[in-house]
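Observations on chain architecture
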Amino acid sequence: MIPATSSKLKVLIVDDSSFMRMAIRGILTKAPGVEIVGIAADGMEGVEKALALKPDLITMDVEMPRMDGIAALKQIMAKQPTRVLMVSTLTCEGARATFEALDAGAIDYVPKNVSDCKDAQAMFQQALLEKVREAAVSAVPRRAGMGIVPRVAPPAQVRPSQFANRRVGYVGIGASTGGPVALQEVISRIPVNFPHGIVVAIHMPKAFTGPYAERLNAKCSLSIREAVDGDIVKGGQVLIAPGGMHTSLVRQGSNIVVKTSPTSEFPQYIYIPSVDQMITSMADASNGAMLGVILTGMGNDGFKGMKHLKEKGGLTLVQNEATSTIYGMPRACIDGKVADVVLPLDQIGFEIGKIG
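Keep in mind that what you see is a predicted model, and the values were worked out from it rather than measured.

What follows deals with helix H11 (residues 345–353). Every buried residue of H11 is listed here: Leu 345, Gln 347, Ile 348, Gly 349, Glu 351 and Ile 352. Where H11 is buried, its residues meet strand S6 (170–175), helix H6 (179–187), strand S12 (290–294), strand S13 (315–319) and strand S14 (341–343).

On to unusual backbone geometry. Cis rather than trans, the peptide bond between Ile 272 and Pro 273 has omega equal to -10°. Within the secondary structure, Pro 273 sits in the loop between strand S11 (255–261) and helix H8 (275–285). Within the chain, Arg 66 stands out as a residue other than glycine whose phi angle is a positive 65°. Among the structural elements, Arg 66 can be located in the loop between strand S3 (57–61) and helix H3 (69–79). Positioned with a positive phi, Lys 337 is a non-glycine residue whose angle comes to about 60°. Owing to a relative accessible area of 72%, Lys 337 belongs among the exposed residues under this scheme.

Look at H6 against H11: their axes get within 7 Å of each other, and the N-to-C directions meet at 45°. As judged from the angle between their axes, H6 and H11 are oblique. In the packing of H6 onto H11, the handedness of the crossing is right-handed. Taking contact as the criterion, the partners of Ala 182, Glu 185 and Val 186 in H6 are, on H11, Leu 345, Asp 346, Ile 348, Gly 349 and Ile 352. Looking at the contact of H6 with H11, its residues break down into five nonpolar, one polar and two charged.

This part covers the state of the cysteines. For the coordinates displayed, the defined rule picks out zero disulfides. With no disulfide of its own, Cys 220 lies 19 Å from the sulfur of Cys 92, the closest cysteine sulfur.

With that out of the way, let us pick up the sheet that holds strand S5 (residues 108–112). Within the open sheet, the five strands sit side by side as S2-S1-S3-S4-S5. Their pairing is parallel. Of all the strands in the sheet, the pair left with one neighbour each is strand S2 (34–40) and S5. Between one strand axis and the next, the sheet turns through 25° on average, direction left out of account. Where S3 meets strand S4 (residues 83–89), five bridges bridge the pair, whose relative direction is parallel. Within the sheet, the bridge partner assigned to Met 60 lies in S4 and is Met 86. Contacts from helix H1 (residues 18–29) reach strand S1 (9–14), S2, S3, S4 and S5 within the one sheet, and its direction differs from that of S2 by about 170°.

This part takes up the UniProt feature "domain: CheB-type methylesterase" (unreviewed entry) in the chain. Mapped onto this numbering, the UniProt entry gives "domain: CheB-type methylesterase" (unreviewed entry) at residues 171–352. Split by type, residues 171–352 is 32% helix and 25% strand. Its first and last C-alpha atoms lie 8 Å apart.

Our focus in this paragraph is the sheet that holds strand S7 (residues 197–202). Overall, parallel pairing links the seven strands, which are arranged S8-S9-S7-S6-S12-S13-S14 in an open sheet. With partners counted over all chains shown, the strands left at the sheet margins are strand S8 (223–226) and S14, one partner each. Across the sheet, the mean angle separating the axes of adjacent strands is 20° when strand polarity is ignored. Against the sheet, helix H7 (residues 206–219) touches S8 and strand S9 (237–240), its axis set at about 170° to S8.

Moving on to the pattern of salt bridges. For the coordinates displayed, the defined rule picks out 15 salt bridges. Of the charged contacts in the structure, one is a salt bridge between Lys 307 and Glu 311, with a shortest N-O distance of 3.0 Å. Remark: Glu 311 and Lys 307 occur in helix H9 (residues 303–311); sequence separation between them is four residues, near one turn of the helix. The class of Glu 311 is exposed, set by a relative accessible area of 55%. Here Asp 340 and Lys 310 are joined by a salt bridge, their closest N and O atoms 2.4 Å apart. Here the residue Asp 340 occupies a position in the loop between helix H10 (328–335) and S14, and Lys 310 occupies one in helix H9, the gap between them amounting to 30 residues. Asp 340 gets classed as partly exposed once you look at its relative accessible area, which sits at 35%. A relative accessible area of 31% places Lys 310 in the partly exposed class. Salt bridges linked by common partners bring Asp 15, Asp 61 and Lys 112 together as one network.

Reading the values: rules and limits
Residues numbered from 1 in each chain as written. Predicted model: local features only at pLDDT ≥ 70, side-chain atom pairs only at ≥ 80, totals over all residues. Heavy atoms only, no water. Buried < 20%, exposed > 50% of the residue type's maximum accessible area, 1.4 Å probe, protein only. Helix = DSSP H or I, 4+ residues; strand = E, 2+ residues; numbered from the N terminus. Contact = heavy atoms within 4.5 Å. Axes fitted to C-alpha atoms, helices over the stretch in contact; angles between N-to-C directions. Parallel < 35°, antiparallel > 145°, perpendicular 65-115°, else oblique. Left-handed = near helix turned anticlockwise from the far one by under 90°. Nonpolar A, V, L, I, M, F, W, Y, C, P; charged D, E, K, R; others polar. Disulfide = S-S within 2.5 Å. Pairing = 2+ DSSP bridges. UniProt positions renumbered as here; feature names shortened; annotations may be inferred. Salt bridge = Lys/Arg side-chain N within 4 Å of Asp/Glu carboxyl O.

Printed below as a string of structure tokens:
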């Protein structure tokens, strides 16, 4: 269900494939609270219709003739900022283009599955409806490369560390919608000599986490890569939990190491990779000597992990509402009273970096 508003969510569909245009239209036409206001067959037509029709949300293909989705997105963000949901192929090239689109102002993406398999089609339908539902309650972007408009502009603050003299050996970070851009903002502000290992769980498909880790590694001073089974968590390094499976942290002697598992081993988790599983297992492996961080995202994944971490004596930090694309995951921690510190996005990396 699309959240109830005074009017329907107006959607523009931009895709060069007539099959995909019909498929997306068919799915969204049946969704309560959604109105299809236009269809465009390429990026140039998409820009024209976006400016003329002023939709609430645009679904945007990446590869199109005349003008591709990235170029169209940048023009829309420069002229008339609008929520844009990228429809991306499940390939490394599709992933790289998607992250470029997110940097340019797209709020999220939905993986395109062109298979004739009914299960694949059902998964695409479910993912599309879920992403549109999230988009309906997300903050509106301002312009290309400038992220999300804060509901309240956070004041610049200089403060001593909230976690001074507290026992911290590891950092676990979870995020979902809006997370790829938010995480880059956080990690880029952590110094290269940071002494504690960092593990990240962010809801992404299998084909996306590797290219995403490579992109972060090229933009940040810390060493960043996709985690593999048996990796040791160590200082100065960020491990991105691989998509399509769950990641746990386990104690082996004096080290904490990565253990990857198929989703069938943890059927209780609907989000993959699970932030709850990552933080809960890290809290156990470190005996609570860690900082848990929850960034923007829909739903409440991470709350149970942060609650368990608090029970183990660990520390918790969440992103504030004003700078979140979607406030669901941080809100769950705040409402559940498991957040020690709440900060705007631009202060979180600095706060983490202060931990000695």
